[in-house]
Amino acid sequence: MTAFFAEKRERLVFALAMALVPCALVAGYFSGANLVVIAALSGSFLGAGLLMSKGGESMAPIGAAVALVGQAIALTAAFEGHPWQIDSHMLFFALLACLVSLRNVVALLVGATVIA
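Throughout what follows, the structure given in this document is the object of discussion. In this text, all values refer to a predicted model and were calculated from it rather than measured experimentally. (Residues numbered from 1 in each chain as written. Predicted model: local features only at pLDDT ≥ 70, side-chain atom pairs only at ≥ 80, totals over all residues. Heavy atoms only, no water.)

One can describe the packing of helix α5 (residues 90-99) onto helix α6 (residues 105-115) by two numbers: an axis separation of 9 Å at closest approach and a directional angle of 165°. Overall, the two elements α5 and α6 adopt an arrangement that is roughly antiparallel. Classified by chirality, the crossing of α6 by α5 is right-handed. Seen from α5, the contacting residues are Phe92, Leu96 and Leu99; seen from α6, they are Ala107, Leu108, Gly111, Ala112 and Ile115. Tallied by class, the residues present in the contact of α5 with α6 amount to 7 nonpolar, 1 polar and no charged. (Axes fitted to C-alpha atoms, helices over the stretch in contact; angles between N-to-C directions. Helix = DSSP H or I, 4+ residues; strand = E, 2+ residues; numbered from the N terminus. Parallel < 35°, antiparallel > 145°, perpendicular 65-115°, else oblique. Left-handed = near helix turned anticlockwise from the far one by under 90°. Contact = heavy atoms within 4.5 Å. Nonpolar A, V, L, I, M, F, W, Y, C, P; charged D, E, K, R; others polar.)

Next up, the structure:
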């Protein structure tokens with residue numbers, strides 16, 4: 001029963017990561033960023049997270065953490081040179097708090113490491 005809940009939490013984190021992909025693209029569009037670079041960055045983190053999640057039960061929360069934190073990186077990159085770039089860093093704190101829902105210390109530490 002606990003395995004089901006762990007998988008559901010990971011799916012929710014991946015869903016949040018996928019929901020943030022268009023946010024980075026919209027931010028990049030309005031700030032004049034290179035949309036190809038932003039899409040590649042966002043997709044790379046999402047793809048890396050999905051590949052890591054296929055590595056087994058212990059890797060799935062880590063993959064979810066990488067995918068989610070990567071979207072904050074893409075959003076911050078989309079705001080490069082824009083006055084809101086400094087404000088976009090608050091998303092890192094919010095997403096790190098979301099990673100606590102995974103109940104996995106390693107995933108939380110990997111998320112913090114990717115942020116750093």
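With that settled, the discussion passes to helix α3 (residues 60-78). Along an α-helix, residues three or four positions apart point the same way, because every turn accommodates 3.6 residues. Under the 1.5 Å per step criterion, the end-to-end length of α3 is 27 Å for 19 residues, consistent within 8% with the ideal 27 Å. Burial runs high along α3: 17 of the 19 residues are buried. (Expected span 1.5 Å × (residues − 1). Buried < 20%, exposed > 50% of the residue type's maximum accessible area, 1.4 Å probe, protein only.)

All right, on to the packing of aromatic side chains then. All told, the structure shown has 2 aromatic pairs when counted by the stated rule. Aromatic pair Tyr29 and Phe30: ring centres 5.2 Å apart, planes at 75°, arrangement edge-to-face. A single burial state applies to Tyr29 and to Phe30, both of which are exposed. Seen in terms of ring centroids, Phe79 and Trp84 are 5.9 Å apart; in terms of plane orientation they differ by 65°. Their pairing is edge-to-face. By relative accessible area, which is 11% here, Phe79 ends up buried. (Phe/Tyr/Trp six-rings, centres within 6.5 Å; stacked < 30°, edge-to-face > 60°.)

So, about the environment of Val26. Assignment of secondary structure puts Val26 in helix α1 (residues 2-31). Distance from Val26 to Leu109, taken between C-alpha atoms, is 29 Å for residues 83 residues apart in sequence.

In this section: the packing of α3 against α6. A pair of packed helices can be characterised by two numbers: the angle between their axes and the separation between those axes. Across the interface, α3 lies against α6 with an axial gap of 8 Å and an inter-helix angle of 25°. Judged by the inter-axis angle, α3 sits roughly parallel to α6. Handedness of the crossing formed by α3 with α6: right-handed. Across the interface between the two elements, Pro61, Ile62, Ala65, Val66, Val69 and Ile73 of α3 pack against Val106, Ala107, Val110, Gly111, Val114 and Ile115 of α6. Looking at the contact of α3 with α6 residue by residue, the class counts come to 11 nonpolar, 1 polar and no charged.

What follows covers the side chain of Ser53. Within the element layout of this structure, Ser53 appears in helix α2 (residues 35-53). In contact with Ser53, not counting residues within four places along its chain, are Phe14, Met59, Ala60 and Gly63.

Let us look at the nonpolar core. Membership of the largest hydrophobic core comes to 17 residues, with the highest contact counts inside it found for Val13, Leu68, Leu99 and Leu102. Of all the secondary-structure elements, those providing two or more residues to this core are α1, α3 and α5. The element contributing the most residues to this core is α3, with 7 residues. Excluding residues that lie within four positions of it along the chain, Leu102 makes contacts with Arg9, Glu10, Val13, Pro61, Ala64, Ala65 and Ala107. (Core = buried A, V, L, I, M, F, W, Y, C linked by side-chain atoms within 4.5 Å.)

The next thing to look at is a nonpolar patch on the surface. Judged by side-chain polarity, Val26, Tyr29, Phe30 and Leu35 come together as a nonpolar surface patch covering roughly 460 Å² of accessible area. Looking at which element gives the most residues to the nonpolar patch, the answer is α1, with 3 residues. Look at Phe30 and you get exposed, because its relative accessible area is 66%. (Patch = residues over 30% accessible without salt bridge, like charges linked within 9 Å, V, L, I, M, F, W, Y side chains within 5 Å. Areas by Shrake-Rupley, 256 points an atom, 1.4 Å probe, with all protein chains shown as cover. Salt bridge = Lys/Arg side-chain N within 4 Å of Asp/Glu carboxyl O.)

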